[in-house]
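Chain by chain, the residues:
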Amino acid sequence: MSESHLSTATAHVHGHGEEDYLSCSSGWKSWAFTLDHKRIGVMYLVAILASFLAGGIMALLIRLELLLPGKFFLSEDQYNHMFTLHGAIMTFLFLIPSIPAALGNFMVPVMLGVKDVAFPRMNLASFYLWIGGAIFFLAAVILGGLDTGWTFYTPYSTTTNTSVITASLGVFILGFSSIFTGLNFLVTINMMRPAGMTWFRMPLFLWSLYATSIIQILATPVIGITGLLLIAERALGIGIFDPARGGDPVLFQHFFWFYSHPAVYIMILPAMGIISEMVSTFSRKPIFGYRFIAYSSIAIALLGFLVWGHHMFVSGQSPLAAMMFSALTFSVSIPSAIKVFNWLSTMYKGSVSLETPMCYTLSFIFLFGIGGLTGLFLGALATDVHLHDTYFVVAHFHYVMMGGTLIAFLGGLHYWWPKMFGKMYNENLARIACLIIFVGFNATFFPQFILGSRGMPRRYAKYDPEFQIFHQFSTFGALLLGAGLFLSAGVLLHSLLRGRRAPANPWGGSTLEWKCSSPPPHHNFDWPPVVTEPYHYDHIQYDPKEGGYVEVEEVAPDPDDAPLPVKH
């Protein structure tokens, strides 16, 4: 049949005319005891954003203190407490759960075309475990604070009078929350993929969460057990890590980094998954090298277990071990580079449109690129010795974690916000906020590369006057970054009150979540949706009446409608 014999019909949008998940029931019990993955995702979102706000305020206080070389308004002890809690809250309460627990919980079942995750009750339990862990962190603040640094390094953490046991219990409980989420995603993706969704027709965000779940399940128990050993040493006086009791402090570093380096990939892999979704949608082009991106997620997850020793080049480990860890560190950069190459190739000759999520995508590629490339200096033995424990490490870490995970989280939040809450936000203001965040971020952390390469140690409350200009530049950048984040939050919150109603598919995405209404109905889909190739856009067109994109199906014309032959 030739194309001229085809006509078109708009595909069905699931959930139109039904009550959405936000309004299908009311009252606090309908939220507190919900088993709906979407509501649990929203509760996670609110909770981790509150943690981000607390950690962000502490970051601003730290930067303000560093405006002057001497004391400004914090004592040395208060400064130690402040940067410890900032690091612990940002790492354990925001960065690790941010994308999997909030956006992942909401999106995984919808992107699979199913009603819920495999274990809804375990999903709710993971949220309350997170709340329990957060309460222990809050208790640590009230009961004297914490001054060990977020790494809890021994032997100092075995002797300090601050609330190490309380904070360690918080980490232990948060670990269970993370394992519950990972186990749920693994089983859901393995067992509940719909007919037609083979492994290589699965959205890349799901691939990234699958790889992340492997790390969560295998690595998290190590930090839990390490925390218990630390508690046992402090409470019972057993010599495990403290050399004064016959223990080995380097053993703690091995245990800690065996978890905490893979934990970096718990934070960054889901971010890479979000970028893969957005770069294809806003380039209007199938993702370049789908299989390579999928395989590279698994490769990063597995290689990430082999590189923890690069945090300990100066701890006295053998030269052979240091050389092997250095080589392995360089190997893990290969799958990351594959992803970046494929994202750039996807944009090449694509029809790139600069909606807000795409602005965050471009920011991510730039910032993560700097973070990744500066990591090479820390993976090389010759340079790491000089840069170890300087501000160079602080800048590198923040370019990867905040420039990577935070920026991708914000991009994903803007990408799926219309789907989650059924409201469109002000595009111009959201793009301005993204620009302010990008400029503020670079102004904050780029000077820290210079500080570190000139020998400024990290975690110091006071510094030599020669470093002041860089610290001041960094502090003003942090204030600008904070202003951008507040503007972004204002834009999203304003949309909830005054935003235009969102169509089912505002961006022209082709994965399954765009086939149901915005916000989704309680059961997500009226019937199992038809699975197609995840990144093909030929059948998706913009409909001015709808204010968004609609799926158009080609159908054969009715023979009765064919024109009658002309009689001569």
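No experiment lies behind these values; they were computed from the predicted model shown. (Residues numbered from 1 in each chain as written. Predicted model: local features only at pLDDT ≥ 70, side-chain atom pairs only at ≥ 80, totals over all residues. Heavy atoms only, no water.)

Assigned secondary structure in the protein consists of 15 helices and three strands. Since a compact globule built from 568 residues should have a radius of gyration of about 24 Å, the 25 Å found for the protein is in line with a globular shape. Over its C-alpha atoms, taken along the principal directions, the protein stretches across nearly 105 × 50 × 45 Å. Looking at the 568 residues of the protein, the share that counts as buried comes to 57%. In the protein, the share of contacts with a sequence separation of at least 24, taken over all contacts with a separation of at least 6, comes to 81%. As displayed, the protein offers around 23,300 Å² of accessible surface, 68% of which is attributable to carbon and sulfur atoms. Within the protein, one finds 29 positive and 32 negative side-chain charges whose respective centroids are separated by 2 Å. (Helix = DSSP H or I, 4+ residues; strand = E, 2+ residues; numbered from the N terminus. Rg over C-alpha atoms; globule rule 2.2 N^0.38 Å. Buried < 20%, exposed > 50% of the residue type's maximum accessible area, 1.4 Å probe, protein only. Contact = heavy atoms within 4.5 Å. Areas by Shrake-Rupley, 256 points an atom, 1.4 Å probe, with all protein chains shown as cover. Lys, Arg positive; Asp, Glu negative; His and termini not counted. Charge placed at Lys NZ, Arg CZ, Asp CG, Glu CD.)

Running from N to C, helix H3 (residues 76-112) and helix H13 (residues 391-421) cross one another at 35 degrees; their axes reach a closest spacing of 11 Å. Crossing angle aside, the handedness with which H3 passes H13 is left-handed. Contacts between H3 and H13 involve Tyr79, His86, Met90, Phe94, Leu95, Ser98, Ile99, Leu103, Phe106, Met107 and Met111 from the first element and Tyr391, His398, Met401, Met402, Thr405, Leu406, Phe409, Gly412, Leu413, Trp416, Lys419 and Met420 from the second. (Axes fitted to C-alpha atoms, helices over the stretch in contact; angles between N-to-C directions. Left-handed = near helix turned anticlockwise from the far one by under 90°.)

The next point concerns unusual backbone geometry. For the peptide bond that leads from threonine 154 to proline 155, omega is 5 degrees, which places it in the cis range. For the bond running from serine 518 to proline 519, omega is -10 degrees, close enough to zero to count as cis. By the element assignment, proline 519 lies in the loop between helix H15 (468-498) and strand E2 (540-543). A positive phi angle, near 65 degrees, is found at lysine 349, a position not held by glycine. With respect to the helices, strands and loops of the structure, lysine 349 is situated in the loop between helix H10 (319-347) and helix H11 (356-379). Looking at lysine 349, the relative accessible area reads 72%, which means it is exposed.

Enumeration over the complete set of coordinates arrives at 48 aromatic pairs. Their ring planes at 85 degrees and their centres at 6.5 Å tell us that phenylalanine 176 and phenylalanine 180 sit as a pair that is edge-to-face. Of this pair, phenylalanine 176 and phenylalanine 180 are both found in helix H6 (residues 164-191), four residues apart, which corresponds to roughly one turn of the helix. Overall, phenylalanine 176 belongs to the partly exposed group, its relative accessible area being 37%. Three or more aromatic residues link up through ring pairs in this structure, and these residues are Phe92, Phe137, Trp150, Tyr153, Phe241, Phe252, Phe255, Phe256, Trp257 and Phe397. (Phe/Tyr/Trp six-rings, centres within 6.5 Å; stacked < 30°, edge-to-face > 60°.)

Take the environment of alanine 244 next. Here alanine 244 lies in the loop between helix H7 (204-236) and helix H8 (249-281). We classify alanine 244 as exposed; its relative accessible area is 73%. Residues alanine 244 and tryptophan 527, spaced 283 residues apart in sequence, show a C-alpha to C-alpha distance of 65 Å.

On to the state of the cysteines. In total, this model carries zero disulfides according to the counting rule given. Left unpaired, cysteine 24 is separated from the closest cysteine sulfur, that of cysteine 516, by 14 Å. The exposure class of cysteine 516 is buried, given its relative accessible area of 0%. (Disulfide = S-S within 2.5 Å.)

The next thing to look at is the environment of methionine 424. With respect to the helices, strands and loops of the structure, methionine 424 is situated in the loop between H13 and helix H14 (427-453). As a C-alpha pair, methionine 424 and glycine 372 span 52 residues in sequence and 34 Å in three-dimensional space. Apart from the residues lying within four places of it in its own chain, the contact partners of methionine 424 are Pro418, Ser495, Gly499, Arg500, Arg501, Ala502, Pro503, Pro506 and Trp507.

With that settled, consider the side chain of aspartate 36. The topology assignment puts aspartate 36 in the loop between helix H1 (28-32) and helix H2 (37-65). A polar contact of 3.4 Å, which involves the side chain of aspartate 36, links it to the side chain of histidine 522. Ignoring anything within four residues of it in the chain, the contact list for aspartate 36 reads Tyr21, Asp116 and His522. (Polar contact = N/O pair within 3.5 Å; in protein donor to acceptor, adjacent residues only side chain to side chain.)

Taken residue by residue, the protein gives an average pLDDT of 92. The fraction at 70 or more is 95%. In the model, residues 1-7 has pLDDT below 50 throughout and makes 10 contacts with residues more than four positions away in sequence or in other chains. (pLDDT = per-residue confidence, 0-100.)

Enumeration over the complete set of coordinates arrives at three cavities of 30 Å³ or more. Taken as a whole, the largest cavity spans an internal volume of roughly 160 Å³. What lines the largest cavity is a set of 17 residues, and nearest its centre among them are Phe92, Ile96, Pro97, Leu174 and Ser178. Secondary structure elements with two or more residues in the lining of the largest cavity: H3, H6 and H7. Considering every element that reaches the lining of the largest cavity, the biggest residue donor is H6, with six residues. The residue inventory of the lining of the largest cavity, partitioned by class, reads 11 nonpolar, six polar and no charged. Estimated volume of the second largest cavity: approximately 90 Å³. (1 Å grid on protein atoms, 1.4 Å probe; cavity = no way out; pocket = protein on both sides within 12 Å on 5 of 7 lines; lining within 4 Å. Points joined across faces, edges and corners; volume = space filled by probe spheres on them. Nonpolar A, V, L, I, M, F, W, Y, C, P; charged D, E, K, R; others polar.)

Turning next to the nonpolar core. In this structure, Phe92, Phe152, Trp343, Phe364, Phe409, Trp416 and Met420 are the most contacted members of the largest nonpolar core, which totals 157 residues. Sort the elements by how many residues they give to this core and H3 lands first, with 22 residues. Dropping the residues within four chain positions of it, phenylalanine 92 is found in contact with Pro97, Trp130, Phe137, Trp150, Phe152, Val171 and Leu174. (Core = buried A, V, L, I, M, F, W, Y, C linked by side-chain atoms within 4.5 Å.)

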